[in-house]
Amino acid sequence: MARKPAAKSEAATIHDQALVRGDGGELHQIAEGHVDILTTAQGGPVADDQNTLKIGARGPTLIEDFHFREKIFHFDHERIPERVVHARGYGAHGFFETYKSLAKYTRADVFQRAGEKTPAFVRFSTVAGSKGSFDLARDVRGFAVKLYTKEGNWDIVGNNIPVFFIQDAIKFPDVIHSVKPEPDREFPQAQSAHDTFWDFISLTPESMHMIMWVMSDRAIPRSFRFMQGFGVHTFRLVNTADESTFVKFIWKPKLGMQSVVWNEAVKINGADPDFHRRDLWTAIKSGNFPEWELCLQLFDQEFADNFDFDVLDPTKLIPEEILPPIPVGRLVLDGMPDNFFAETEQVAFMTQNVPPGIDFSNDPLLQGRNFSYLDTQLKRLGSPNFTHLPINAPKCPFHHFQQDGHMAMRNPVGRANYQPNSFGEGPRESPERGFRSFADGEEGQKVRLRPESFSDHYSQAGQFFNSQTPAEQRHIAMALTFELSKVETPVIRERMIAHLLNIDEGLAETVAEKLGITELPEPADAAIAPRKDLEPSPALSIIENGPNSFEGRKIGALVSNGVDASLLKALQTAIEKEGAAMEVIAPKVGGVQADDGTKIPAKHMIDGGPSVLFDAVLLLLTEEGADLLTSEAAARDFVADAFAHCKFIGFTPGAVPLLAKAGVDPSSDEGLVSLTDGDAVNTYLEGCRKLRLWAREAGVKL
Ligand code: HDE
C-alpha cells in the first residue's frame with residue numbers, strides 16, 4: 001500500500017509486528033532500517049515475491065499460493081472502462097480566484113467575495129482517440145473544470161471550441177460513432193479523416209460551423225496552456241431575488257493562444273505522442289503555473305430576443321465584438337496529481353453539478369448532457385459511491401442519507417437514515433440556502449421538433465472563415481483537403497463541397513481543385529439562405545490575438561563540439577529572462593565540449609530532439625560540427641522542418657553548410673537571424689515573440 005518511509009519516531013521492527021502511521025494516516029508495517037515489509041492486501045507479510053509456490057523447483061504451481069492469486073487477481077482488475085469519449089486526458093490541481101463580487105447577478109457563493117480562492121481540478125482531453133492515442137490528433141479538446149465550492153462541486157465541462165456538431169443530444173451517439181474507428185475494421189484511431197465521419201457530417205448541415213473550427217488550427221493546439229475553453233451552452237446566473245441573467249463561460253489563457261501546423265502535428269505524434277501531457281507536467285513541475293481568466297458574456301432576455309441567432313442553439317456563438325466578455329476571476333494550475341489513476345482517471349465531471357445561483361438554459365444539448373454524465377460515471381466507476389473517491393468528494397461539509405452499495409467508504413452511524421424522523425437525527429433541506437431552480441414559465445405540446453430559429457447552418461461558419469488571417473484560411477483549406485482526400489467514397493467529398501459553397505465560394509473552389517473535382521456541384525440546399533452580412537470577428541483568429549511574448553515557450557539549441565560558450569550563456573540568460581526555456585540537442589546525449597573547455601550536457605541526441613518539439617531553434621555549430629551533421633538525416637530534417645514550420649532560426653556562421661544542405665538560404669527572410677550581428681540575441685528573441693513567421697509559409701508550400 002504505502003510506499004513512503006514511515007515516521008522515524010514510531011519505528012520498530014517487523015519482529016514485534018509494529019504498526020506505524022504514514023503521512024496519509026495509513027497503517028503500515030516497518031522493519032529495521034525503516035524499510036516497509038511487503039504485505040498482502042490483507043496485511044500479511046510476504047517472504048518471497050519472486051517465485052510462485054511450486055512442488056519442487058521445476059514442478060507445477062499450487063493454487064494454495066494465496067499471495068500469487070491475490071496479486072494476479074488484483075492486476076487483472078486494474079483497468080476500468082475508458083471514457084466513451086474524451087478517453088485520453090490529463091489533469092492538474094489548482095485554484096480559482098474571484099476578482100470581484102458578482103452578487104448582483106448570482107447568489108453562488110464562489111462569486112461573492114473578491115480574493116476568494118476555490119480549489120479546482122481540471123482535465124484536458126482529446127475526444128475521439130482511445131486512452132493510449134497520441135496527443136496531437138486533429139480533434140476538439142475537452143476543458144473540464146471542477147470547482148470545489150463551499151456549496152458543493154461546480155463542474156464546467158467545456159471544450160476548446162465554443163460551438164458543437166449537433167443541436168440535439170439525441171444525435172450524440174451518431175456523431176461519436178461516426179468519428180470513432182469504423183466498427184468492422186477498428187481503424188482509423190483518433191482521426192476524423194475517414195468515410196464514416198465525413199458521411200455523417202455531410203448529411204448533417206448543422207455541423208458546418210463546428211467543422212470550420214475543427215478544420216482550423218484550434219484543433220491542433222501547441223499546448224493545453226495555450227488554449228481557450230468554453231462552456232458552449234448558454235447558462236443562467238440567478239441572484240438572491242431569483243432574477244436570472246444569461247451567461248456564456250469563456251476561459252482565456254494568460255500566455256495567449258498558439259497552435260502548431262498540421263505537418264508538425266503529424267511529426268510530433270511520432271516524436272513524442274505525449275507532447276501535451278509532458279508539456280503540462282514540465283511547466284507545473286518547474287513552477288511555471290499556467291493561468292486562465294474566466295470571462296463571462298452576460299445578457300438578458302431582450303438581448304437574446306434581438307440577437308441574430310437563438311441563444312439556445314449550441315451551434316452558434318455570440319461574437320465578442322457584440323458582447324464583450326468580462327473577466328471575473330483566474331484559474332491557476334499549480335499541482336500535478338500524485339496518482340494518475342486515482343485522480344485524472346477517476347475524476348467524474350457532470351454538467352448537472354451546479355451550485356445554487358448557477359442554472360441551466362433549455363439548450364437541448366445541455367439538457368441531454370444533464371442525463372448522460374451521471375449514467376456514464378456509474379458505468380465507468382462501477383458504483384454510485386464514486387462520490388466517495390477523494391477527487392470527486394466535495395470539500396465542503398455534506399450530509400445526506402445515501403448509503404451502502406459497492407465500496408461504500410462513508411458509512412453513516414445512528415438509527416434514522418431517513419427524514420423527517422423523530423430522533424432529531426440527520427440533516428434537513430433548506431428552502432433558503434438550497435438549490436432553487438429558476439422558475440421559468442414553460443408550457444406547450446409534447447413534440448419532437450427542432451425550432452425554426454435553429455435552422456441557419458451556414459452564416460456563422462462563413463463568419464468564422466472570414467475572421468481568419470490568410471495563413472489560417474490556408475490551413476483550413478489544407479485540412480479540409482487532407483481529410484476529404486482520405487474519404488474513399490467520391491459522393492461524400494462532393495457533398496462536402498456543396499456545403500462549402502454555402503460557407504465560402506473561394507474555399508469551396510480551392511478544396512475542390514486540390515481534390516481534383518473539376519465540376520463544382522450545386523450548393524447544398526439551405527433551410528435559410530446563408531447570410532453574407534455578418535461582420536468578421538477578429539477575436540476568432542488565433543494569429544490576430546498572438547501574445548507578442550515568448551513566455552512559456554521552448555527553444556531547441558542544436559550544438560556541436562567547440563560551441564561558443566559565452567554566446568550560449570548569453571542566449572540562455574536572455575531566454576530565461578523572457579520566461580522561456582532552452583533545451584540542448586547534441587550529436588550525442590552525453591553532450592559536447594564548449595570552446596572554453598566546459599562540458600555542455602544535452603537533453604536530447606539529435607535523433608530524439610527534432611525541431612517539431614520546439615517553438616524556435618538555434619544552430620550553434622562550428623563549421624566542423626556542421627560538416628559532421630550534414631550527413632545526418634535527422635540534423636537536416638531539424639533545420640528543414642524548423643524552416644518549413646515558419647520558426648525563427650538563430651545560427652552561427654559555422655551552421656551555414658548545414659542550412660545549405662537542408663535547402664535553406666540563410667538570407668531568405670528575417671526569420672533567419674545570424675548570431676554574429678550586434679544585438680543579435682535581442683533581434684532573435686524579438687522575432688520569437690511573433691511565434692511564427694507566417695509570411696514564409698506561402699513559399700514553403702507544406
Ligand atoms: Fe460530453 N460526455 N457529451 N460534451 N464531455 C462525456 O462523460 C455527452 C459535449 C465533455 O475530462 C462523457 O465522463 C453528451 C459538449 C468533456 O472527464 C459522457 C453530449 C461538450 C468531457 C458525455 C456531450 C462536452 C465529456 C464521457 C451531447 C462541451 C470529458 C465520459 C449532448 C461543452 C470530461 C464522461 C472529463 C465527457 C456525454 C456533448 C464536453 C458520455 C450526451 C457539447 C470535456 O457522459
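Residues numbered from 1 in each chain as written. Predicted model: local features only at pLDDT ≥ 70, side-chain atom pairs only at ≥ 80, totals over all residues.

A. Structural context of the overall build of the protein chain. Looking only at helices and strands, the protein chain features 19 helices and 20 strands. Dimensions of the protein chain along its principal axes, counting C-alpha atoms only, are 85 × 75 × 55 Å. Long-range pairs, those at least 24 residues apart, make up 71% of the contacts in the protein chain between residues at least 6 apart in sequence. (Helix = DSSP H or I, 4+ residues; strand = E, 2+ residues; numbered from the N terminus. Contact = placed C-beta atoms within 7 Å.)

B. Seen up close, the site of the ligand. Near the ligand lie 24 residues; those nearest to it are Arg-83, His-86, Gly-142, Ala-169 and Thr-376. Looking at the shell around the ligand element by element, the count peaks at six residues for helix α9 (residues 364-381). Its residues placed into classes, the shell around the ligand shows 12 nonpolar, nine polar and three charged. (Near = placed C-beta within 6 Å. Nonpolar A, V, L, I, M, F, W, Y, C, P; charged D, E, K, R; others polar.)

C. Local environment of the nonpolar core. Counting 104 residues, the largest nonpolar core has Met-212, Leu-558, Leu-619 and Leu-658 as the members making the most contacts within it. Taken domain by domain, this core gets at least three of its residues from each of domain 2 (89-388) and domain 3 (548-700). Non-local contacts of Leu-619, meaning those with residues more than four positions away in its chain, are made with Leu-558, Val-639, Ile-649, Phe-651, Thr-652, Ala-655 and Leu-658. Formed by 50 residues, the second largest nonpolar core is a distinct cluster that contains Ala-144, Val-157, Met-257 and Ile-391. (Core = buried A, V, L, I, M, F, W, Y, C linked by C-beta atoms within 7 Å. Buried ≥ 20, exposed ≤ 12 C-beta atoms within 10 Å, placed from the backbone. Domains from an automatic or database assignment.)

D. Summary view of the UniProt feature "domain: Catalase core" (unreviewed entry) in the protein chain. Under the feature "domain: Catalase core" (unreviewed entry), the UniProt entry names residues 39-427. Across residues 39-427 one finds 22% helix and 19% strand; the C-alpha atoms that close the span lie 41 Å apart. (UniProt positions renumbered as here; feature names shortened; annotations may be inferred.)

E. Geometry of the environment of Arg-493. Summarising the element assignment, Arg-493 is placed in helix α12 (residues 490-503). Among the residues examined, Arg-493 registers 26 C-beta atoms within 10 Å and is labelled buried. When the C-alpha positions of Arg-493 and Ala-512 are compared, they lie 8.7 Å apart, and in sequence the two are 19 residues distant. Setting aside residues no more than four positions away along its own chain, Arg-493 makes contact with Leu-484, Val-487, Leu-515 and Ile-517.

F. Seen up close, the packing of helix α11 (residues 470-485) against helix α13 (residues 505-515). At a minimum axis distance of 9 Å, the contact between α11 and α13 shows a crossing angle of 40°. In this view, α11 runs oblique relative to α13, as classed from their interaxial angle. The way α11 lies across α13 gives a crossing that is right-handed. Residue-level inspection shows Ile-476, Ala-477, Leu-480, Thr-481, Leu-484 and Ser-485 of α11 in contact with α13, the latter providing Leu-507, Thr-510, Val-511, Lys-514 and Leu-515. A class-by-class count of the residues in the contact of α11 with α13 yields seven nonpolar, three polar and one charged. (Axes fitted to C-alpha atoms, helices over the stretch in contact; angles between N-to-C directions. Parallel < 35°, antiparallel > 145°, perpendicular 65-115°, else oblique. Left-handed = near helix turned anticlockwise from the far one by under 90°.)

G. Seen up close, α9. Taking 1.5 Å of rise per residue, the 18 residues of α9 would be expected to cover 26 Å, and the 26 Å separating its terminal C-alpha atoms lies within 8% of that figure. The complete set of buried residues in α9 reads Pro-364, Leu-365, Leu-366, Arg-369, Gln-377 and Leu-381. (Expected span 1.5 Å × (residues − 1).)

H. Expanded view of the pairing of strand β6 (residues 152-159). For β6, a buried count of six out of eight residues is recorded, marking the element as mostly surrounded by other parts of the structure. Examined bridge by bridge, strand β5 (residues 141-149) and β6 share eight bridges and lie antiparallel to one another. Paired with Ala-144 across the bridge in β6 is Val-157. The hairpin turn running from β5 into β6, its antiparallel successor, is two residues long. (Pairing = 2+ DSSP bridges.)

I. Representation of the sheet that holds strand β19 (residues 649-651) in the model. Taken in spatial order, the six strands line up as β17-β14-β13-β18-β19-β20 in an open sheet, and their pairing is parallel. At either margin of the open sheet sits one strand with a lone partner, and together these are β17 (604-605) and β20 (672-674). Contacting β18 (616-620), β19 and β20, helix α18 (residues 680-688) runs over the sheet at an angle of about 165° to β20.

J. Spotlight on the environment of Gly-562. Among the secondary structure elements, Gly-562 is positioned in the loop between β13 (554-559) and α14 (565-577). Distance from Gly-562 to Pro-162, taken between C-alpha atoms, is 51 Å for residues 400 residues apart in sequence. Not counting residues within four places of it along the chain, the set of residues in contact with Gly-562 comprises Asp-595, Thr-622, Glu-624 and Gly-625.

K. Fine view of the domain arrangement of the protein chain. Splitting the protein chain by domain gives domain 1 (8-76), domain 2 (89-388) and domain 3 (548-700). Placing the centre of domain 2 and that of domain 3 at their C-alpha centroids yields a distance of 36 Å. Of the residues lining the interface, 13 residues belong to domain 2; the matching set on domain 3 comes to 10 residues. Considering each element in turn, the side of domain 2 that touches domain 3 owes the most residues, five residues, to helix α5 (residues 262-271).

L. View of unusual backbone geometry. Residue Pro-188 is reached from Phe-187 by a cis peptide bond, and omega for that bond is 0°. Along the chain, Pro-188 falls in the loop between α2 (172-179) and α3 (195-202). Following Gln-419, the chain continues into Pro-420 via a peptide bond in cis, with omega recorded as 5°. Along the chain, the position of Pro-420 falls in the loop between α9 and α10 (459-466). For Asp-404, which is not glycine, the phi torsion reads 65° and is therefore positive. As for its placement among the helices and strands, Asp-404 is situated in the loop between α9 and α10.

M. Quick look at the environment of Ile-37. Here Ile-37 is to be found in the loop between β2 (27-29) and α1 (66-76). Along the backbone, Ile-37 and Glu-686 are 649 residues apart, and their C-alpha atoms lie at a distance of 57 Å.

N. Region of interest: the packing of α3 against α12. Relative orientation of the contacting elements α3 and α12 amounts to 40°, with a least axis distance of 9 Å. Judged by the inter-axis angle, α3 sits oblique to α12. The two elements α3 and α12 meet at a crossing, and its hand is left-handed. Here Asp-195, Trp-198, Asp-199 and Ser-202 of α3 lie close against α12, whose contacting residues are Ile-492, Arg-495, Met-496 and His-499. Residues that form the contact of α3 with α12 fall into these classes: three nonpolar, two polar and three charged.

O. Broad picture of the confidence of the model for the protein chain. Residues with a pLDDT of 70 or more make up 95% of the protein chain, whose mean pLDDT is 95. Considering only residues more than four positions removed or in separate chains, one finds that residues 1-17, a stretch of pLDDT under 50, has 33 contacts. With pTM at 0.94, the complex prediction returns an ipTM value of 0.97. (pLDDT = per-residue confidence, 0-100.)

P. View of the pairing of strand β3 (residues 89-98). Of all 10 residues in β3, seven are buried; the element is thus mostly enclosed. The pairing of β3 with strand β4 (residues 117-126) spans nine bridges and is classified as antiparallel. Directly across from Glu-97, in β4, lies its bridge partner Lys-117. Relative to strand β11 (residues 326-335), β3 runs antiparallel, the two being bridged by six bridges. Of the residues in β11, the one forming a bridge with Phe-95 is Val-332.

Q. Highlighting α13. Those residues of α13 lying buried are Leu-507, Ala-508, Val-511 and Ala-512. The buried residues of α13 occupy an angular sector of 125° when the element is viewed end-on, so they sit on one face. Buried residues along α13 sit against α10, α11 and α12. The first or second residue beyond α13 is Gly-516, which carries a positive phi of 80°. (Arc of directions from axis to C-beta.)

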